[in-house]
Amino acid sequence: MILVTGASGALAGLVLDRLRAAEAAGGPEVAAGTRAPAPGSGQRRVDFDDPASLAESFAGVDVLVFVSAGYAEDDVVMDRHGAVVDAAAAAGVRHVIYTSLAGSGERITLSVAHRWTEERLAEGPFATTVLRNGLYAEIPAVLALAAAAAPPADTGVFGAPFGDGRVSVVAREDLADVTAKVALEAHAEPGRHADRTYELEGVESLHGDDIAAALTDALGRPVRYEPTPLGPAREVLAANGQLPYQIGHTVSIFANHRAGRLTADRSDLPELLDNPPRPVRPLVVAAVEGAGAR
Ligand SMILES: NC(=O)c1ccc[n+]([C@@H]2O[C@H](COP(=O)([O-])OP(=O)(O)OC[C@H]3O[C@@H](n4cnc5c(N)ncnc54)[C@H](OP(=O)(O)O)[C@@H]3O)[C@@H](O)[C@H]2O)c1
């Protein structure tokens, strides 16, 4: 059996779509793990914040697709992830596939909990595959819009603290394709992808000008990019309701972007995908439309 955690999430949902299609075509049994299973859905309760329940959640699982559960302080994330490692070991899971953070993100603060988790997994009695996911295509635009002093829709200016830097980004669907493929292959052939780390970096990178061009498409009016300072961005993020730990991570991403340290020089993505990586521009346009292009 393959179990995917975080089933209500965007990435896990895409992975489950692919695995269920394979199951319907005669592939292995698939189970969805979530904190709040819908009654009668067959979903398993998987809540990393309830360590005592996890060994039972993982009973009978051959391959565990462990989707990271961020959105908390680092100590909380490490406690959650450590509990998953311990429970997978106790339940006799054969292979754990962990969705981590790409090497281009090594210097952003989010990497602390991810690298710690990778190290804990490496000590486990199971085979491990680390999928180091690149930043999702929409993340730079969405974070910058949440930090913008004025809406581009009003001003025709996309202000963001990116300086002249670029950021490598990837389509979540491509990450889901690879995750499902690795899980199916690891299930079919014990040892396959064992103790491997794959850098699933985007093969495209974005400059502030590219996001301004996406806003131009989304708004139907010209928008130009203007680099802005970090200090005011931090204040706007707080005013828009980001929590202190989130502001720390967001500002860290901005600073690395500005320093030109979020670009990948290599990626395992093309080799692991059956098709060329999806273009990211339509995803950025859709995201800025979804964000109200403020
Ligand atoms: N590469 C990137 O650009 C990027 C950007 C943002 C986040 N991430 C990381 O990648 C993960 C997947 O991304 P996503 O876009 O699918 O995020 P998402 O849509 O926010 O989904 C995250 C899922 O994590 C699960 N979760 C949260 N707390 C949990 C807990 N205590 N125990 C078990 N599961 C928990 C939830 O699923 P249930 O409600 O079903 O339990 C939630 O829906 C995120 O959780 C985050 O760690 C990566």
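Residue indices begin from 1 for each chain and proceed along its sequence in written order. Per-residue local features of the predicted model are confined to residues with pLDDT of at least 70, and side-chain atom pairs are confined, for both listing and counting, to 80 or more; whole-chain, interface and lining totals are unaffected and use all residues. Derived side-chain values reflect all non-hydrogen atoms in the structure, with water molecules and hydrogen atoms excluded from consideration.

Undergrad: Even after reading the chapter, I still don't get the site of the ligand, so can you show me in this structure?
TA: In the vicinity of the ligand lie 23 residues, with Ser8, Leu11, Thr34, Arg35 and Ser68 positioned nearest. Whenever two N or O atoms come within 3.5 Å, that pair is a polar contact, provided that in protein one can donate a hydrogen and the other can accept it, and provided that, for residues adjacent in sequence, both atoms are side-chain atoms. Glycine 9 has a polar backbone atom sitting 3.2 Å from an oxygen atom of the ligand. At 2.8 Å from an oxygen atom of the ligand is found a side-chain nitrogen or oxygen belonging to arginine 35. A 1.4 Å probe and the Shrake-Rupley method give the accessible areas. Residues count as covered only by the protein chains that appear here. Relative to its unbound accessible area of 880 Å², the ligand is 85% covered by the protein chains. For the purposes of this entry, the term helix denotes a DSSP run of H or I that reaches at least four residues, the term strand denotes a run of E that reaches at least two, and both are numbered from the N terminus. Secondary-structure elements contributing two or more residues to the shell around the ligand are α1 (10-24) and β7 (135-136). Split into classes, the residues belonging to the shell around the ligand amount to 11 nonpolar, 7 polar and 5 charged. Nearness of a residue to a molecule or strand requires only that one of the residue's heavy atoms be within 4 Å of it. Each residue is assigned to one class: nonpolar for Ala, Val, Leu, Ile, Met, Phe, Trp, Tyr, Cys and Pro, charged for Asp, Glu, Lys and Arg, and polar for all the others, Gly among them.

Undergrad: Would you mind showing me how to read helix α7 (residues 172-188) here?
TA: Residue pairs spaced three or four apart in an α-helix point in one direction, given the helix's 3.6 residues per turn. Counted at 1.5 Å a residue, the expected span for α7 with its 17 residues is 24 Å, and the 24 Å between its end C-alpha atoms agrees. Exposure categories follow from relative accessible area, calculated using a 1.4 Å probe and restricted to protein chains: below 20% of the type maximum is buried, above 50% is exposed, and the middle band is partly exposed. Those residues of α7 not exposed but buried are Asp174, Leu175, Ala176, Val178, Thr179, Ala180, Val182, Ala183 and Ala186. Expected helix span is computed as 1.5 Å times (number of residues minus one).

Undergrad: What is the right way to read unusual backbone geometry from this model?
TA: Where the residue is not glycine, phi is negative for most of them; where a peptide bond is considered, it is trans in most cases. A positive phi is found at histidine 193, a non-glycine position, where the angle reads about 65°. Structurally, histidine 193 can be placed in the loop between α7 and β10 (196-200). Its relative accessible area of 9% is what places histidine 193 among the buried residues. In this model, aspartate 195 sits at a positive phi of 55°, which is unusual for a non-glycine residue.

Undergrad: Would you take a moment to explain the pattern of salt bridges for this structure?
TA: We define a salt bridge as a side-chain nitrogen of Lys or Arg found within 4 Å of a carboxyl oxygen belonging to Asp or Glu. Scanning the entire structure with this criterion turns up 22 salt bridges. Across the pair arginine 115 and glutamate 118 runs a salt bridge whose closest N-O atoms are separated by 2.9 Å. Taken together, the residues arginine 115 and glutamate 118, both in helix α4 (residues 111-122) and 3 residues apart, mark about one turn of the helix. Comparing arginine 115 with glutamate 118, the two get one shared label, buried. A single network of salt bridges, built from pairs that share partners, joins Arg18, Glu173, Asp174, Asp177 and Arg278.

Undergrad: Before we go on, may I ask you to explain the sheet that holds strand β4 (residues 63-67) in this structure?
TA: Within a sheet, adjacent strands bond to each other through the backbone by hydrogen bonds, running parallel or antiparallel. Spatial strand order, β3-β2-β1-β4-β5-β6-β10: 7 strands in an open sheet with parallel pairing. The two strands at the open ends of the sheet, each matched to only one other strand, are β3 (44-45) and β10. Across 5 bridges, the pairing between β4 and strand β5 (residues 95-101) is parallel. Pairing of valine 65 across the sheet is with isoleucine 97, part of β5. Strand pairing follows a simple DSSP-based rule, namely that at least 2 bridges must link the two strands.

Undergrad: Help me understand the packing of aromatic side chains, please; the structure alone is not making it clear to me.
TA: The geometry of an aromatic ring pair is captured by the separation of the ring centres together with the interplanar angle, meaning the angle of the planes. Any two rings among Phe, Tyr and Trp, with Trp reduced to its six-membered ring, count as a pair given centres within 6.5 Å; such a pair is stacked if its planes are under 30 degrees apart, edge-to-face if over 60, and tilted if neither. Counted by the stated rule, this structure contains 6 aromatic pairs. For the pair phenylalanine 48 and phenylalanine 66, a centre-to-centre distance of 5.5 Å together with 90° between the ring planes defines the contact as edge-to-face. Taken together, the positions of phenylalanine 48 in the loop between β3 and α2 (51-57) and phenylalanine 66 in strand β4 put the pair 18 residues apart, joining distant regions of the chain. The exposure classification of phenylalanine 48 matches that of phenylalanine 66, with both residues buried. Its guanidinium or amino end placed over the ring of tyrosine 136, arginine 172 lies 3.9 Å from that ring's centre, counting from NZ or CZ. Two limits define a charge over a ring: the Lys NZ or Arg CZ must be within 6 Å of the ring centre, and within 35 degrees of the ring normal.

Undergrad: So what exactly am I meant to see when it comes to the pairing of β5 here?
TA: A regular strand places its side chains on the two faces of the sheet in alternate fashion. Counting buried positions along β5 gives 7 out of 7 residues, so the element sits mostly inside the fold. Of the strand pairs in this sheet, β5 and strand β6 (residues 127-133) are connected by 7 bridges, and their pairing is parallel. Across the sheet, residue threonine 99 finds its bridge partner in β6, namely leucine 131. Remark: the β5/α4/β6 crossover connection has right-handed handedness. With strands facing away from the observer, any crossover in which the path from the first strand over the helix to the second runs clockwise is taken as right-handed.

Undergrad: Any chance you could explain the sheet that holds β7 here in plain terms?
TA: On the basis of which strands lie adjacent, the open sheet formed by 3 strands has the order β7-β9-β11 and mixed pairing. Single-partner strands in this sheet number two, and they are β7 and β11 (204-207). Relative to strand β9 (residues 166-170), β7 runs parallel, the two being bridged by 2 bridges. By the bridge assignment, leucine 135 is partnered in β9 with valine 169. The sheet contacts of helix α8 (residues 208-219) involve β9 and β11, and relative to β11 the element is tilted by about 85°. Contact between two residues is taken to exist if any of their heavy atoms lie within 4.5 Å; hydrogens are not considered. The axes used here are C-alpha line fits, helices contributing only the stretch in contact, and every angle between their N-to-C directions lies in the interval 0 to 180 degrees.

No statement about biological role is implied by the geometric values presented.
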